[in-house]
Amino acid sequence: MSTIPEQNPLLELSPQDLRAHTAAALTRARERSVGLTDAVDDEDLVRQHSKLMSPLVWDLAHIGSQEELWLVRDVGGREPLRPDIDDLYDAFQHARADRPALPLLGPAEARAYVKEVRDKAFDVLETAPLEGRRLTESAFAFGMITQHEQQHDETMLATHQLRKGDPVLHAPEPPRAPARKLPAEVLVPGGRFTMGTTAEPWALDNERPAHEIDVAAFVLDTTPVTCGAYVEFLESGGYQDRRFWSEPGWAYLREHGITAPRFWRREPDGWWRTRFGVHERVPENEPVVHVSYYEAEAYARWAGKRLPTEAEWEKAARHDPASGRSRRFPWGDEEPTAEHANLGQRHLRPAEAGAYPAGASPLGVHQLIGDVWEWTSTDFHGYPGFSAFPYREYSEVFFGPEYKILRGGSFGTDAAAIRGTFRNWDYPIRRQIFSGFRCARDPRPGEAG
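Each value, and the rule that gives it
- Residues numbered from 1 in each chain as written.
- Predicted model: local features only at pLDDT ≥ 70, side-chain atom pairs only at ≥ 80, totals over all residues.
- Heavy atoms only, no water.
- Helix = DSSP H or I, 4+ residues; strand = E, 2+ residues; numbered from the N terminus.
- Rg over C-alpha atoms; globule rule 2.2 N^0.38 Å.
- Areas by Shrake-Rupley, 256 points an atom, 1.4 Å probe, with all protein chains shown as cover.
- Lys, Arg positive; Asp, Glu negative; His and termini not counted.
- Charge placed at Lys NZ, Arg CZ, Asp CG, Glu CD.
- Phe/Tyr/Trp six-rings, centres within 6.5 Å; stacked < 30°, edge-to-face > 60°.
- Buried < 20%, exposed > 50% of the residue type's maximum accessible area, 1.4 Å probe, protein only.
- Lys NZ or Arg CZ within 6 Å of the ring centre and 35° of its normal.
- Disulfide = S-S within 2.5 Å.
- Salt bridge = Lys/Arg side-chain N within 4 Å of Asp/Glu carboxyl O.
- Arc of directions from axis to C-beta.
- Contact = heavy atoms within 4.5 Å.
- Polar contact = N/O pair within 3.5 Å; in protein donor to acceptor, adjacent residues only side chain to side chain.
- Pairing = 2+ DSSP bridges.
- Axes fitted to C-alpha atoms, helices over the stretch in contact; angles between N-to-C directions.
- Core = buried A, V, L, I, M, F, W, Y, C linked by side-chain atoms within 4.5 Å.

Asker: Whenever I open this one, the overall build of the chain confuses me. Can you help?
Answerer: A tally of helices and strands in the chain yields 9 helices and 12 strands. For 449 residues, the compact-globule estimate of 2.2 N^0.38 gives 22 Å, and the C-alpha radius of gyration of the chain, at 22 Å, lies within 12% of that figure. Structurally, the chain occupies a C-alpha span of about 65 × 55 × 40 Å along its principal axes. Surface summary for the chain: the accessible area is close to 18300 Å², and the carbon and sulfur share equals 51%. Here the chain contributes 53 positively and 69 negatively charged side chains, and the mean placements of these two sets differ by 4 Å.

As structure tokens, this is what we get:
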């Protein structure tokens, strides 16, 4: 096992450059928040487009409220701006379905509030020491708030997908996949590797600490499962065959009459879908998206495979067999670029399978970062030595078998909110999120050498 320490460019920045990097990350997040909320009129902004989601105006003010709590009040020690709205925008006090009935800030007031908070947060960033407290070391609190905002930007993008009406979001098409044909699967050799992180400055508590884990050899799909492959499952009667479904998955399927991925429907000339208000034919070569854990699990069983464990996924994404160490990303330690992965809402759809060869892992696994969140078979739990920070409600209160882990980010995830160690979690029934999957299997006799 290599003893080479984790590499992170952020740790090498001077205080001045760290402040500039942090300001740029905060600015990018705010530009996305503004774009998602300015894209609709005030009526759409306050409407609840689905009981699964908050009104967009709640997300916007909630972003400001969290920034005020952590950056203005805690790190900056400044006087509260709007203590009267703390409870309104506490996500644990009000379920999403109930938020439209609250006395929320209106669109103009919410926009003014988040701007005032941001102005004060930038003042704090210019003067706050970026050391001395765990919360401020390497600008952690600012990174945490950047990630929080970007996560809500992805949530707001999911709300846009649920919104009815004409398209209001527009983006260029993602790159096409190269003509060369990729192998269907990749063998990942067994052995120990370092999972999680201790050194990543902006890593959140559930990603920590780094720890060694032994993973047996396994075979992993080279790319996420495509729509074309998923159609084969549909057309073979997979949604009607009880053999492929777990007991809770089958019960959920029957109770809700689910017959295909969310936003899909069968028409006389094939399968079509609705994507951000656009009605289009399901693209054969894109990763399937908007499928629940139960659907992913059933497809894998139909295909004679299984879903990967979280440890298998991370080993495939981070372990470098040549050096024996774990990288930050499949391609190395450098931050994602447009050549590495489909991130940042720069495209409003997954790219074709194999479209990002520069982002492949050393073993040749593609699109582990970006495009679609990938379901794993692992329940959400803390790593050995886990310590909640800076508050239990970020992740610890969700530990347990009710939630399944997703990895890798989607086209709606920003680079600031994803890395090889980042862990997402959700109920196995969730389909409005940008979720897909890839399959794994145990090696056949003699296959692992």
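Asker: Hey, could you run me through the packing of aromatic side chains in this one?
Answerer: By convention here, two paired aromatic rings are described through the distance between centres and the angle between planes. The tally for this structure, following the rule as stated, stands at 34 aromatic pairs. Ring plane angle 50° and centroid distance 5.3 Å describe the contact between Y299 and W302, whose orientation is recorded as tilted. In this pair, Y299 and W302 both sit in helix 8 (residues 293-302), 3 residues apart, roughly one turn of the helix. Overall, the relative accessible area of 8% leaves Y299 in the buried class. With relative accessibility at 26%, the residue W302 sits in the partly exposed group. Residues F380 and F399 carry aromatic rings whose centres are separated by 4.9 Å and whose planes lie at 85° to one another, so their mutual orientation is edge-to-face. Of this pair, F380 sits in strand 8 (residues 373-380) while F399 sits in the loop between strand 8 and strand 9 (400-407), placing them 19 residues apart in sequence. Feature note: the residues W70, F92, F380, F386, Y391, Y394, F398, F399, Y403, W425 and Y427 constitute an aromatic cluster, connected by ring pairs. Stacked on the ring of W58, the Lys or Arg R99 has its end atom at 3.8 Å from the ring centre. Over the face of the ring belonging to Y383 we find R423, whose NZ or CZ atom lies 4.2 Å from the ring centre.

Asker: Would you explain the state of the cysteines in this entry?
Answerer: Two cysteines form a disulfide when their sulfur atoms are joined by a covalent bond. Applying the stated criterion across every chain yields a total of 0 disulfides. Not engaged in a disulfide, the cysteine C227 finds its nearest cysteine sulfur in C439; these two sulfurs lie 14 Å apart. A relative accessible area of 1% places C227 in the buried class.

Asker: What should I look at first to understand the pattern of salt bridges in this one?
Answerer: Opposite charge on two side chains makes pairing possible when the charged atoms of those side chains draw close. Considering all chains together, one arrives at 50 salt bridges under this definition. E396 is paired through a salt bridge with R392; the nearest N and O atoms lie 3.1 Å apart. Salt bridges sharing partners connect three or more residues here, namely E173, R273, R275, E280, E286 and R349.

Asker: Would you explain helix 7 (residues 247-256) in this entry?
Answerer: Counting along an α-helix, one turn takes 3.6 residues, and residues three or four places apart therefore face a common direction. Restricting attention to buried positions, one finds in helix 7 the residues G249, W250, Y252 and L253. Along the axis of helix 7, the buried residues cluster in a sector spanning 160°; they form a single face. Along helix 7, the residues that are exposed and aim more than 90 degrees away from the buried face are E247 and E255. The inward-facing, buried residues of helix 7 abut helix 8. Sitting at the amino-terminal end of helix 7 is S246, which places a side-chain oxygen 3.1 Å from the backbone nitrogen of G249. Just downstream of helix 7, G257 is the residue with a positive phi angle, here 60°.

Asker: Before we go on, may I ask you to explain the side chain of E314 in this structure?
Answerer: Here E314 lies in helix 9 (residues 310-318). The class for E314 is buried, based on a relative accessible area of 0%. A distance of 2.4 Å separates polar atoms of two side chains, one belonging to E314 and the other to R407.

Asker: Can you help me understand the pairing of strand 5 (residues 264-267) in this one?
Answerer: It is a general feature of regular strands that their side chains alternate between the two faces of the sheet. Of the pairings in the sheet, the one linking strand 5 to strand 6 (residues 270-275) comprises 4 bridges and is antiparallel in character. For R265, the partnering residue across the bridge sits in strand 6 and is W272. Hairpin connection, strand 5 to strand 6: the antiparallel pair is bridged by 2 residues.

Asker: Even after reading the chapter, I still don't get the sheet that holds strand 12 (residues 440-441), so can you show me in this structure?
Answerer: Hydrogen bonds between backbone groups are what pair the strands of a sheet, and the pairing can be parallel or antiparallel. Strand order in the open sheet made by the 3 strands is 1-4-12, with antiparallel pairing throughout. Both edges of this open sheet fall to strand 1 (185-188) and strand 12, since each of them pairs with a single strand only. Along the sheet, helix 9 makes contact with strand 1, strand 4 (218-221) and strand 12, crossing strand 4 at roughly 75°.

Asker: I'm lost on helix 6 (residues 227-235) in this one. Help?
Answerer: Inspection of helix 6 places C227, G228, Y230, V231, F233 and L234 among the buried residues, and these make up the whole buried set. Where the residues of helix 6 are buried, they touch strand 5, strand 6 and helix 8. G237 lies just past helix 6 and shows a positive phi near 90°.

Asker: Explain the environment of S361 to me, please; I cannot follow it from the model alone.
Answerer: Along the chain, S361 turns up in the loop between helix 9 and strand 8. Judged by relative accessible area, which is 7%, S361 ranks as buried. Taking C-alpha positions, S361 is 6.2 Å from A317, a pair spaced 44 residues apart along the chain.

Asker: What am I meant to see in the nonpolar core here?
Answerer: A general trend in soluble globular proteins is that nonpolar side chains are found buried together. Membership of the largest hydrophobic core comes to 82 residues, with the highest contact counts inside it found for F142, Y230, W245, W264 and F437. Beyond its immediate sequence surroundings of up to four residues, W264 is in contact with C227, V231, L234, W271, W272, R273, V282 and V288. Counting residues in each nonpolar core, the second largest holds 33 residues, with V57, I85, V114 and V289 among its members.

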